[in-house]
Amino acid sequence: MRITPYLISPVVPAVHAAFQDPLMHQWHIMAAGSEEEAAGWITRWQSGWKDERQAQWAVVDADTGELRGRVALREIMLGDGCAEVAYWTVARARGRGVAVRATTTLTRWAFDEIGLLRLELSHATASEASCRVAEKAGFAAEGTKRSALLHPDARHDMHRHARVRGD
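The structure contained in this document is the topic of the report that follows. (Residues numbered from 1 in each chain as written. Predicted model: local features only at pLDDT ≥ 70, side-chain atom pairs only at ≥ 80, totals over all residues. Heavy atoms only, no water.)

**Considerations on the packing of aromatic side chains**
Thought 1: One pass over the full model with this rule turns up 4 aromatic pairs.
Thought 2: Look at Trp-41 and Trp-45: their rings are 6.2 Å apart centre to centre, the planes differ by 40 degrees, and that puts the pair in the tilted class. In this pair, Trp-41 and Trp-45 are both assigned in helix H3 (residues 35-50), 4 residues apart and thus about one turn of the helix distant.
Thought 3: Overall, the relative accessible area of 4% leaves Trp-41 in the buried class.
Thought 4: Ring geometry for Trp-49 and Trp-57: centres 5.8 Å apart, planes at 75 degrees, overall edge-to-face.
Thought 5: Look at Trp-49 and you get partly exposed, because its relative accessible area is 47%.
Thought 6: Among the aromatic side chains, those forming a connected cluster through ring pairs are Trp-49, Trp-57 and Trp-109.
Thought 7: A cation over an aromatic ring shows up here: Arg-70 above the ring of Trp-45, its NZ or CZ 5.6 Å from the ring centre. (Phe/Tyr/Trp six-rings, centres within 6.5 Å; stacked < 30°, edge-to-face > 60°. Helix = DSSP H or I, 4+ residues; strand = E, 2+ residues; numbered from the N terminus. Buried < 20%, exposed > 50% of the residue type's maximum accessible area, 1.4 Å probe, protein only. Lys NZ or Arg CZ within 6 Å of the ring centre and 35° of its normal.)

**Quick notes on the environment of Leu-106**
Thought 1: Within the secondary structure layout, Leu-106 lies in helix H4 (residues 98-112).
Thought 2: The spacing of Leu-106 and Gln-56 is 50 residues in sequence and 10.0 Å in space, taken between C-alpha atoms.
Thought 3: Leaving out residues up to four positions away in the same chain, Leu-106 has contacts with Trp-57, Val-71, Ala-72, Leu-73 and Val-85. (Contact = heavy atoms within 4.5 Å.)

**Some details on the pattern of salt bridges**
Opposite charge on two side chains permits them to pair, given that their charged atoms come into close proximity.
Thought 1: By the definition in use, this model includes 8 salt bridges.
Thought 2: A salt bridge links Arg-160 to Glu-120, with the shortest nitrogen-to-oxygen separation between them at 2.0 Å. You can see Arg-160 sitting in strand E7 (residues 155-164) and its partner Glu-120 sitting in strand E5 (residues 118-124), a full 40 residues away along the chain.
Thought 3: For Arg-160, a relative accessible area of 16% gives the class buried. (Salt bridge = Lys/Arg side-chain N within 4 Å of Asp/Glu carboxyl O.)

**Description of the pairing of strand E3 (residues 67-77)**
Thought 1: Taken across its 11 residues, E3 has 8 buried, putting it largely inside the fold.
Thought 2: Where strand E2 (residues 55-60) meets E3, 6 bridges bridge the pair, whose relative direction is antiparallel. For Ala-55, the partnering residue across the bridge sits in E3 and is Leu-73.
Thought 3: Counting the residues between successive antiparallel strands, the hairpin from E2 to E3 contains 6 residues, one of them, Gly-65, with a positive phi of roughly 80 degrees.
Thought 4: Of the pairings in the sheet, the one linking E3 to strand E4 (residues 82-89) comprises 7 bridges and is antiparallel in character. For Arg-70, the partnering residue across the bridge sits in E4 and is Trp-88.
Thought 5: Connecting E3 to the antiparallel partner E4 that follows it, the hairpin turn spans 4 residues, and Gly-81 within it adopts a positive phi of roughly 75 degrees. (Pairing = 2+ DSSP bridges.)

**Some points on the nonpolar core**
Thought 1: Counting 40 residues, the largest nonpolar core has Val-15, Leu-73 and Leu-119 as the members making the most contacts within it.
Thought 2: Mapped by element, the contributors of at least two residues to this core are helix H1 (8-18), H3, E2, E3, E4, H4, E5 and helix H5 (128-136). (Core = buried A, V, L, I, M, F, W, Y, C linked by side-chain atoms within 4.5 Å.)

**Concerning unusual backbone geometry**
Thought 1: Within the chain, Glu-52 stands out as a residue other than glycine whose phi angle is a positive 55 degrees.
Thought 2: With respect to the secondary-structure elements, Glu-52 resides in the loop between H3 and E2.
Thought 3: The phi torsion at Ser-147 lies on the positive side, around 45 degrees, for a residue other than glycine.
Thought 4: For Ser-147, the location among the structural elements is in strand E6 (residues 140-150).
Thought 5: A relative accessible area of 35% means that Ser-147 is categorised as partly exposed.

What follows is the structure in structure tokens.
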């Protein structure tokens with residue numbers, strides 16, 4: 001597995017294809033209805049890096065370069081030393097530790113290289129797989145935000161996990 005910056009042209013079809021998976025629609029509020037929409041996301045992700053607001057990476061197979069998922073720091077607040085971790089994986093990468101390895105790698109980088117102090121991670125309470133990823137990546141459960149996020153099917157309660165430097 002390798003984490004690499006998003007480049008628009010080779011990744012757009014793979015991101016679009018990943019979001020055709022019904023499981024992505026269940027747990028994510030975004031949906032890529034077209035490759036143009038996926039390209040727009042990637043353009044915004046790159047802009048967020050330049051503005052130091054977010055950092056998004058493609059998680060790819062080290063041998064083939066095939067997209068396995070995405071890992072990100074969102075809501076970066078450099079002055080406070082905080083950010084939110086987000087990730088997703090394509091269907092064929094699930095259950096293989098891809099999200100845990102990518103999240104752990106990103107966490108180490110965020111603490112050691114840019115000096116963040118606290119990382120938060122949220123997921124729908126019904127997403128047991130996401131809870132396992134958070135726990136395996138060392139994020140302690142901190143509580144539940146009730147009716148916190150509107151998904152396509154309804155409002156969802158969200159678990160909040162966090163990791164602080166030194167954990």
